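Summary of structural features
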Amino acid sequence: MNYVVQAEHMHVRYGHSVAVKDISISVKEGELLAIAGANGAGKSTLVNAIAGWSRATPRVSGTVTFKGDDVSKLRAEMRARRGIALVPESRGAFAEMTVHENLSMVDAKNDEGKNFEIEDIFGLFPRLKERRSQQAGTLSGGERQMLAIGRALRAAPSLLILDEPSVGLAPRLVVEVLQHVKELTQDGLAVLLVEQNVRAALEVADRLSLIEQGEITATGTADEMREDDRTISAYLGGL
Ligand code: ATP
(Lines give C-alpha, C1' and ligand atoms only; values in the text may rest on other atoms or scores of the structure.)
Protein backbone atom coordinates (compact mmCIF):
# COMPACT_ATOMS: atom_id res chain seq x y z
CA MET A 1 0.00 0.00 0.00
CA ASN A 2 1.51 3.29 -1.03
CA TYR A 3 0.46 5.33 1.94
CA VAL A 4 1.80 8.84 1.84
CA VAL A 5 0.52 9.66 5.29
CA GLN A 6 -0.86 7.60 8.14
CA ALA A 7 -2.03 9.50 11.18
CA GLU A 8 -2.86 7.13 14.01
CA HIS A 9 -4.61 7.72 17.32
CA MET A 10 -4.45 11.48 16.98
CA HIS A 11 -5.65 13.14 20.14
CA VAL A 12 -5.54 16.89 20.64
CA ARG A 13 -6.44 18.88 23.74
CA TYR A 14 -6.68 22.60 24.32
CA GLY A 15 -6.33 22.78 28.08
CA HIS A 16 -8.99 20.45 29.44
CA SER A 17 -11.08 20.43 26.32
CA VAL A 18 -10.51 17.60 23.85
CA ALA A 19 -10.87 18.80 20.24
CA VAL A 20 -9.74 15.61 18.47
CA LYS A 21 -10.40 12.21 20.04
CA ASP A 22 -8.31 9.25 18.93
CA ILE A 23 -8.70 9.80 15.19
CA SER A 24 -6.85 7.66 12.66
CA ILE A 25 -6.79 8.52 8.94
CA SER A 26 -4.53 7.71 6.04
CA VAL A 27 -4.09 8.93 2.48
CA LYS A 28 -2.50 7.00 -0.36
CA GLU A 29 -0.53 8.23 -3.32
CA GLY A 30 -2.85 9.89 -5.84
CA GLU A 31 -5.79 9.77 -3.43
CA LEU A 32 -8.05 12.60 -2.33
CA LEU A 33 -9.51 12.17 1.14
CA ALA A 34 -12.07 14.75 2.20
CA ILE A 35 -12.81 15.52 5.85
CA ALA A 36 -16.18 17.13 6.42
CA GLY A 37 -17.98 18.28 9.51
CA ALA A 38 -19.71 21.20 11.16
CA ASN A 39 -18.06 24.33 12.59
CA GLY A 40 -15.93 23.45 15.56
CA ALA A 41 -15.94 19.69 14.84
CA GLY A 42 -12.14 19.56 15.01
CA LYS A 43 -11.21 19.49 11.32
CA SER A 44 -8.58 22.25 11.42
CA THR A 45 -7.21 20.93 14.70
CA LEU A 46 -6.72 17.51 13.11
CA VAL A 47 -4.97 18.69 9.96
CA ASN A 48 -2.85 21.20 11.88
CA ALA A 49 -1.70 18.35 14.11
CA ILE A 50 -0.78 16.25 11.07
CA ALA A 51 1.26 19.12 9.62
CA GLY A 52 2.79 19.90 13.03
CA TRP A 53 1.24 23.37 13.27
CA SER A 54 0.06 24.33 16.70
CA ARG A 55 -1.70 27.61 17.01
CA ALA A 56 -2.14 28.00 20.75
CA THR A 57 -0.05 25.17 22.22
CA PRO A 58 -2.52 22.33 22.06
CA ARG A 59 -1.40 18.99 23.52
CA VAL A 60 -1.04 16.57 20.66
CA SER A 61 -0.54 12.83 20.89
CA GLY A 62 -0.60 10.15 18.22
CA THR A 63 1.70 9.03 15.45
CA VAL A 64 2.14 10.64 12.05
CA THR A 65 3.95 8.42 9.57
CA PHE A 66 4.90 10.21 6.37
CA LYS A 67 6.29 8.14 3.50
CA GLY A 68 7.26 5.44 5.96
CA ASP A 69 9.00 7.70 8.50
CA ASP A 70 7.65 8.69 11.89
CA VAL A 71 7.53 12.51 11.75
CA SER A 72 5.47 12.95 14.93
CA LYS A 73 8.29 14.65 16.76
CA LEU A 74 9.28 16.98 13.92
CA ARG A 75 8.37 20.65 13.90
CA ALA A 76 6.09 21.98 11.18
CA GLU A 77 8.96 23.40 9.16
CA MET A 78 10.75 20.07 9.04
CA ARG A 79 7.57 18.28 8.03
CA ALA A 80 7.11 20.88 5.27
CA ARG A 81 10.62 20.19 4.07
CA ARG A 82 9.83 16.52 3.82
CA GLY A 83 6.81 17.32 1.66
CA ILE A 84 3.77 18.09 3.80
CA ALA A 85 2.16 21.33 2.59
CA LEU A 86 -0.75 22.88 4.46
CA VAL A 87 -2.81 25.71 3.00
CA PRO A 88 -4.57 27.21 6.03
CA GLU A 89 -8.01 28.72 5.99
CA SER A 90 -6.41 32.15 6.25
CA ARG A 91 -4.42 31.33 3.12
CA GLY A 92 -1.23 33.19 3.94
CA ALA A 93 -0.06 35.05 0.84
CA PHE A 94 1.77 38.36 1.26
CA ALA A 95 -0.76 41.07 0.48
CA GLU A 96 1.74 43.77 -0.52
CA MET A 97 3.58 41.55 -2.96
CA THR A 98 2.52 40.70 -6.48
CA VAL A 99 1.31 37.29 -7.55
CA HIS A 100 4.64 36.61 -9.25
CA GLU A 101 6.65 37.71 -6.22
CA ASN A 102 4.56 35.51 -3.95
CA LEU A 103 5.25 32.51 -6.16
CA SER A 104 8.95 33.37 -6.57
CA MET A 105 9.74 33.45 -2.90
CA VAL A 106 8.96 29.77 -2.34
CA ASP A 107 11.65 27.30 -3.32
CA ALA A 108 11.25 23.59 -3.81
CA LYS A 109 12.13 22.23 -0.42
CA ASN A 110 12.58 18.57 -1.22
CA ASP A 111 13.58 16.38 -4.12
CA GLU A 112 10.83 13.82 -3.93
CA GLY A 113 7.63 15.65 -4.77
CA LYS A 114 6.87 16.94 -8.24
CA ASN A 115 8.56 20.27 -8.91
CA PHE A 116 6.32 23.08 -10.01
CA GLU A 117 7.92 25.98 -11.85
CA ILE A 118 6.06 29.28 -11.83
CA GLU A 119 5.00 28.62 -15.43
CA ASP A 120 3.50 25.29 -14.32
CA ILE A 121 1.43 27.11 -11.73
CA PHE A 122 0.30 29.58 -14.39
CA GLY A 123 -0.60 26.63 -16.61
CA LEU A 124 -2.76 25.23 -13.84
CA PHE A 125 -4.33 28.58 -12.98
CA PRO A 126 -4.26 30.81 -16.11
CA ARG A 127 -6.07 33.50 -14.14
CA LEU A 128 -3.00 33.95 -11.97
CA LYS A 129 -0.89 34.48 -15.05
CA GLU A 130 -3.16 37.30 -16.20
CA ARG A 131 -2.74 38.84 -12.74
CA ARG A 132 0.92 38.12 -12.23
CA SER A 133 1.78 41.78 -11.54
CA GLN A 134 -1.20 42.49 -9.31
CA GLN A 135 -0.76 42.77 -5.55
CA ALA A 136 -2.01 39.65 -3.80
CA GLY A 137 -4.08 41.73 -1.37
CA THR A 138 -6.25 42.96 -4.22
CA LEU A 139 -7.05 39.53 -5.67
CA SER A 140 -10.55 38.11 -5.46
CA GLY A 141 -11.23 35.31 -2.96
CA GLY A 142 -10.97 32.62 -5.62
CA GLU A 143 -7.77 34.07 -7.06
CA ARG A 144 -6.26 34.25 -3.58
CA GLN A 145 -7.12 30.62 -3.05
CA MET A 146 -5.44 29.69 -6.33
CA LEU A 147 -2.36 31.66 -5.29
CA ALA A 148 -2.26 29.88 -1.92
CA ILE A 149 -2.43 26.49 -3.63
CA GLY A 150 0.20 27.62 -6.13
CA ARG A 151 2.52 28.67 -3.32
CA ALA A 152 2.04 25.33 -1.59
CA LEU A 153 2.81 23.42 -4.79
CA ARG A 154 6.03 25.39 -5.30
CA ALA A 155 7.40 23.53 -2.28
CA ALA A 156 7.03 20.25 -4.22
CA PRO A 157 4.84 18.48 -1.66
CA SER A 158 3.85 14.82 -1.62
CA LEU A 159 0.89 15.63 0.62
CA LEU A 160 -1.21 18.73 0.04
CA ILE A 161 -3.57 19.63 2.88
CA LEU A 162 -6.22 22.22 2.08
CA ASP A 163 -8.22 23.69 4.94
CA GLU A 164 -11.57 24.80 3.61
CA PRO A 165 -10.49 26.18 0.24
CA SER A 166 -14.09 26.98 -0.65
CA VAL A 167 -14.69 29.49 2.15
CA GLY A 168 -15.83 32.77 0.64
CA LEU A 169 -15.92 31.44 -2.90
CA ALA A 170 -18.84 31.63 -5.30
CA PRO A 171 -20.24 28.14 -5.98
CA ARG A 172 -18.90 28.04 -9.54
CA LEU A 173 -15.40 28.86 -8.31
CA VAL A 174 -15.59 26.17 -5.65
CA VAL A 175 -16.06 23.60 -8.39
CA GLU A 176 -13.26 25.13 -10.46
CA VAL A 177 -10.73 25.19 -7.64
CA LEU A 178 -11.61 21.66 -6.51
CA GLN A 179 -11.36 20.32 -10.06
CA HIS A 180 -7.84 21.77 -10.31
CA VAL A 181 -6.98 20.09 -7.03
CA LYS A 182 -8.36 16.80 -8.32
CA GLU A 183 -6.15 17.04 -11.42
CA LEU A 184 -3.09 17.21 -9.19
CA THR A 185 -3.76 13.74 -7.81
CA GLN A 186 -3.20 12.29 -11.28
CA ASP A 187 0.54 12.81 -10.81
CA GLY A 188 0.43 10.93 -7.52
CA LEU A 189 -0.04 13.84 -5.13
CA ALA A 190 -1.97 12.83 -2.01
CA VAL A 191 -4.58 15.41 -1.00
CA LEU A 192 -6.31 15.89 2.33
CA LEU A 193 -9.20 18.28 1.84
CA VAL A 194 -11.11 19.86 4.71
CA GLU A 195 -14.45 20.95 3.36
CA GLN A 196 -17.73 22.05 4.87
CA ASN A 197 -19.38 21.84 1.49
CA VAL A 198 -20.00 18.09 1.47
CA ARG A 199 -21.70 18.14 -1.89
CA ALA A 200 -18.67 19.80 -3.51
CA ALA A 201 -16.28 17.50 -1.66
CA LEU A 202 -18.11 14.41 -2.91
CA GLU A 203 -17.62 15.61 -6.49
CA VAL A 204 -13.86 15.22 -6.24
CA ALA A 205 -13.08 12.98 -3.26
CA ASP A 206 -12.11 9.33 -3.52
CA ARG A 207 -13.11 8.87 0.11
CA LEU A 208 -14.85 11.06 2.66
CA SER A 209 -14.75 11.00 6.46
CA LEU A 210 -17.25 12.80 8.63
CA ILE A 211 -16.05 14.31 11.86
CA GLU A 212 -18.37 15.29 14.69
CA GLN A 213 -17.26 16.64 18.05
CA GLY A 214 -13.73 15.46 17.50
CA GLU A 215 -14.56 11.95 16.35
CA ILE A 216 -14.85 10.28 12.97
CA THR A 217 -18.44 9.12 12.76
CA ALA A 218 -18.51 7.75 9.23
CA THR A 219 -16.03 7.07 6.48
CA GLY A 220 -16.31 5.55 3.04
CA THR A 221 -15.82 5.98 -0.67
CA ALA A 222 -17.55 8.95 -2.29
CA ASP A 223 -20.15 6.57 -3.73
CA GLU A 224 -20.79 4.92 -0.38
CA MET A 225 -21.10 8.26 1.36
CA ARG A 226 -23.59 9.54 -1.20
CA GLU A 227 -25.76 6.57 -0.23
CA ASP A 228 -25.18 6.96 3.51
CA ASP A 229 -28.39 8.04 5.26
CA ARG A 230 -26.59 10.08 7.87
CA THR A 231 -24.53 11.96 5.33
CA ILE A 232 -27.62 12.64 3.32
CA SER A 233 -29.77 13.87 6.17
CA ALA A 234 -27.07 15.84 7.94
CA TYR A 235 -25.18 17.35 5.01
CA LEU A 236 -26.95 16.88 1.73
CA GLY A 237 -30.28 18.42 2.67
CA GLY A 238 -32.36 15.23 2.59
CA LEU A 239 -31.89 14.50 -1.10
P1 ATP B 1 -14.47 25.33 11.47
O2 ATP B 1 -15.16 24.59 10.37
O3 ATP B 1 -15.38 26.28 12.20
O4 ATP B 1 -13.15 25.92 11.07
P5 ATP B 1 -13.16 23.02 12.71
O6 ATP B 1 -13.91 21.75 12.49
O7 ATP B 1 -11.99 23.28 11.87
O8 ATP B 1 -14.18 24.23 12.63
P9 ATP B 1 -11.44 23.46 14.96
O10 ATP B 1 -11.02 24.82 14.53
O11 ATP B 1 -10.50 22.35 14.82
O12 ATP B 1 -12.81 23.05 14.25
O13 ATP B 1 -11.92 23.54 16.47
C14 ATP B 1 -12.27 22.39 17.23
C15 ATP B 1 -12.61 22.81 18.65
O16 ATP B 1 -11.42 23.25 19.32
C17 ATP B 1 -13.58 23.97 18.75
O18 ATP B 1 -14.42 23.74 19.84
C19 ATP B 1 -12.70 25.17 18.99
O20 ATP B 1 -13.38 26.16 19.72
C21 ATP B 1 -11.57 24.57 19.79
N22 ATP B 1 -10.31 25.29 19.58
C23 ATP B 1 -9.70 25.52 18.41
N24 ATP B 1 -8.58 26.22 18.57
C25 ATP B 1 -8.46 26.45 19.90
C26 ATP B 1 -7.51 27.12 20.72
N27 ATP B 1 -6.43 27.69 20.17
N28 ATP B 1 -7.73 27.16 22.04
C29 ATP B 1 -8.81 26.58 22.59
N30 ATP B 1 -9.74 25.93 21.89
C31 ATP B 1 -9.58 25.86 20.55
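Let me sum up the structure you'll find in this document. (Residues numbered from 1 in each chain as written. Predicted model: local features only at pLDDT ≥ 70, side-chain atom pairs only at ≥ 80, totals over all residues. Heavy atoms only, no water.)

**Focus on the pairing of strand β4 (residues 59–66)**
Looking at chain direction, strand β1 (residues 3–14) and β4 are connected through seven bridges and run antiparallel. When the sheet's bridge partners are listed, A7 is paired in β4 with V64. Summarising the sheet, β4 and strand β5 (residues 69–70) pair through two bridges and their orientation is antiparallel. Bridging across to β5, T65 finds its partner in D70. What sits between β4 and β5 in their antiparallel hairpin is a turn of two residues, with K67 showing a positive phi close to 50°. (Pairing = 2+ DSSP bridges. Helix = DSSP H or I, 4+ residues; strand = E, 2+ residues; numbered from the N terminus.)

**Notes on the pairing of strand β10 (residues 215–221)**
With six bridges connecting them, strand β9 (residues 207–212) and β10 associate as antiparallel partners. Each residue of the ladder has a partner; that of L210, found in β10, is A218. Hairpin connection between β9 and β10: a loop of two residues separates the two successive antiparallel strands, and Q213 in this loop has a positive phi of roughly 45°.

**A closer look at the pattern of salt bridges**
This structure, assessed with the given rule, holds ten salt bridges. The salt bridge involving E31 is made with R207; its shortest N-O contact spans 2.8 Å. With E31 in the loop between β2 (17–28) and β3 (32–36) and R207 in strand β9, this residue pair connects regions lying 176 residues apart in the sequence. For E31, a relative accessible area of 9% gives the class buried. (Salt bridge = Lys/Arg side-chain N within 4 Å of Asp/Glu carboxyl O. Buried < 20%, exposed > 50% of the residue type's maximum accessible area, 1.4 Å probe, protein only.)

**What to know about helix α1 (residues 43–51)**
Here α1 lies mainly inside the structure; nine of its nine residues are buried. For α1, the complete set of buried residues consists of K43, S44, T45, L46, V47, N48, A49, I50 and A51. G52 sits one or two positions beyond α1 and adopts a positive phi of about 85°.

**Things to note about empty space enclosed by the protein**
Across all of its chains, the model carries one cavity of 30 Å³ or more by this definition. A volume near 50 Å³ is recorded for the largest cavity. Lining the largest cavity are ten residues, and of these Y14, T45, N48, W53 and P58 lie nearest its centre. Where the lining of the largest cavity is concerned, the elements lending two or more residues are β1 and α1. Tallying contributions element by element places α1 first for the lining of the largest cavity, with three residues. The class makeup of the residues in the lining of the largest cavity is six nonpolar, three polar and one charged. (1 Å grid on protein atoms, 1.4 Å probe; cavity = no way out; pocket = protein on both sides within 12 Å on 5 of 7 lines; lining within 4 Å. Points joined across faces, edges and corners; volume = space filled by probe spheres on them. Nonpolar A, V, L, I, M, F, W, Y, C, P; charged D, E, K, R; others polar.)

In short, geometric facts, not functional conclusions.
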